[in-house]
Amino acid sequence: MSRTTPPRPVDITAAFPRLAPLARTATRLHPRPGSPTSHDSSVGGPLLWPADEPWPHCDEWHDGPGPVAMLPVAQLYVRDIPLLQPPGKADLLQVLWCPFGHEPDDRPFTSLVWRTAAEVTDVLDAPPEPFDAEYGYVPAPSILTPEQITEYPNPMELSEELRLQLSDGSAWRAAGVDNPYVLAPDEYYWNDLSVTPGWKVGGWTRWGLTDPVARLCPECGGEMDPLLTIASSEWASHTHSWIPEEDRATAEASLDHPEPWNPTRLDLARGYDLQLHICRASPDHPHIGLIQ
């Protein structure tokens, strides 16, 4: 089943034209429980991993017998997510992590691999598994139904003048917009009109725990852009407008769907997201994980 994000309740660029040049395309991945194969884009599914290539391990200290085998987190084929910009002839992105939080910010160490799918002729059938895993760090196998949307920056990434306009209720009314929520106007923008919640590729960073800071490539010092957001939930109480049309009938908790907002069963650092970034100049440079 496909997933469709409802139209935004307000055409924000009609109300505030200065936001138009800041629009970015993002791809919502919409992971939902399923049985993906190594030839599918997936979350928590099997990877198209060469049988003769060593499996990555985390060499940090753990209370257990030696290095921890990393877990598959996501596998994304460019054919399904054209927004990806792989280096060279690569057409597949694979993300793995250590299923334990590590200091200094209690995030899982991640490994990112770009590869060319056609070059993998002998697939590893039984990859090593970690001897243990921290609660909330094992994604449920999920299939994806990618959908492109348009995002706008977190309010903290806007100019002071534009932030003041967005926080001024009279500016919204002058543009013919009535705020239907009991929220400050800038919160209305933040929750319903700017950055989507959930798993996504590209778009804008969903800052939360920290104020926006420059994300610089550790290899070349260049700027980095959002690559992949790994989310602990697809929506929350303040982001209901982003619930896909196809999920609205089951969006509330029930015996059959105790946590419909969290189909991958992740719970990172008490419910936050892990955001990976990519170097603008060299996509094969190491990424940076950021808990938000």
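Before reading further, recall that the structure is shown in the block above.
Novice: Let's hear about the environment of Pro99: which residues, and what values?
Specialist: Following the sequence through the fold, Pro99 ends up in the loop between β7 (92-97) and β8 (110-115). Residue Pro99 is classed as buried on the basis of its relative accessible area of 0%. Residues Pro99 and His238 lie 139 residues apart in sequence; the distance between their C-alpha atoms is 29 Å. Discounting chain neighbours no more than four positions away, the residues touching Pro99 are Val68, Ala69, Leu71, Pro130, Asp132, Ala133, Glu134 and Tyr137.

Novice: Quick rundown of the pattern of salt bridges? Include the residues and the values.
Specialist: Scanning the model with the defined rule gives 9 salt bridges in all. For Glu223, the salt bridge identified is with Arg280, shortest N-O distance 3.2 Å. A residue pair is termed long-range when its members are at least 10 positions apart, and Glu223 in the loop between β11 (200-202) and β12 (224-230) and Arg280 in the loop between β13 (274-279) and β14 (289-291) qualify at 57 residues. Beyond isolated ion pairs, a larger network of salt bridges with shared partners links Arg3, Arg32, Glu234 and Asp247.

Novice: Any details on the nonpolar core? Residues and values, ideally.
Specialist: Leu76, Leu84, Trp97, Trp199, Leu228 and Ile230 are the most contacted members of the largest nonpolar core, which has 29 residues in total. Contributions of two or more residues to this core are made by β6 (71-77), β7, β12 and β13. If you tally residues by element for this core, the top one is β6, at 4 residues.

Novice: Which residues make up the pairing of β13, and what values do they have?
Specialist: Counting buried positions over the 6 residues of β13 gives 6, a clear majority of the element. Where burial is concerned, the two faces of β13 agree: the one with Leu274, Leu276 and Ile278 and the one with Gln275, His277 and Cys279 are both buried. With 6 bridges connecting them, β12 and β13 associate as antiparallel partners. What sits directly across from Ile230, in β13, is Leu274. Summarising the sheet, β13 and β14 pair through 3 bridges and their orientation is antiparallel. Following the sheet pairing, Leu276 is matched in β14 by Gly289.

Novice: With reference to specific residues and values, describe the pairing of strand β10 (residues 147-151).
Specialist: Taking every second residue as pointing to the same face, the buried face of β10 carries Glu147, Ile149 and Glu151, while none of Gln148 and Thr150 on the other face is buried. Direction of pairing for strand β1 (residues 24-28) relative to β10: antiparallel, over a ladder of 5 bridges. Note on β10: the bridge partner recorded for Arg28 is Glu147.

Novice: Could you give an account of unusual backbone geometry, naming the residues involved and the relevant values?
Specialist: Residue His30 is not a glycine yet carries a positive backbone phi of 50 degrees. Looking at the element boundaries, His30 is found in the loop between β1 and β2 (32-33). Relative accessible area serves as the criterion here: at 1%, His30 is assigned to the buried category.

Rules behind the numbers
- Throughout this document, residue positions are counted from 1 along each chain, in the order its sequence is written.
- Local features in a predicted model are, by the rule used here, given only for residues with pLDDT of at least 70; side-chain atom pairs are given and counted only at 80 or more, and totals for whole chains, interfaces and linings are based on all residues.
- Calculation of side-chain values draws on the structure's entire complement of heavy atoms; hydrogens and water are dropped beforehand.
- Note on conventions: DSSP H or I runs of at least 4 residues are helices, E runs of at least 2 residues are strands, and numbering of each starts at the N terminus.
- Burial here depends on accessible area, computed with a 1.4 Å probe over protein chains only, as a share of the maximum for the residue type. Under 20% is buried, over 50% is exposed, and the range in between is partly exposed.
- When checking whether two residues touch, look at their non-hydrogen atoms; a contact exists if any pair is within 4.5 Å.
- Salt bridge, as used here, is a side-chain nitrogen of Lys or Arg placed within 4 Å of a carboxyl oxygen of Asp or Glu.
- Definition of nonpolar core: a set of buried residues of the types Ala, Val, Leu, Ile, Met, Phe, Trp, Tyr and Cys, connected through side-chain atoms within 4.5 Å.
- Two strands pair under a simple rule: DSSP has to find at least two bridges between them.

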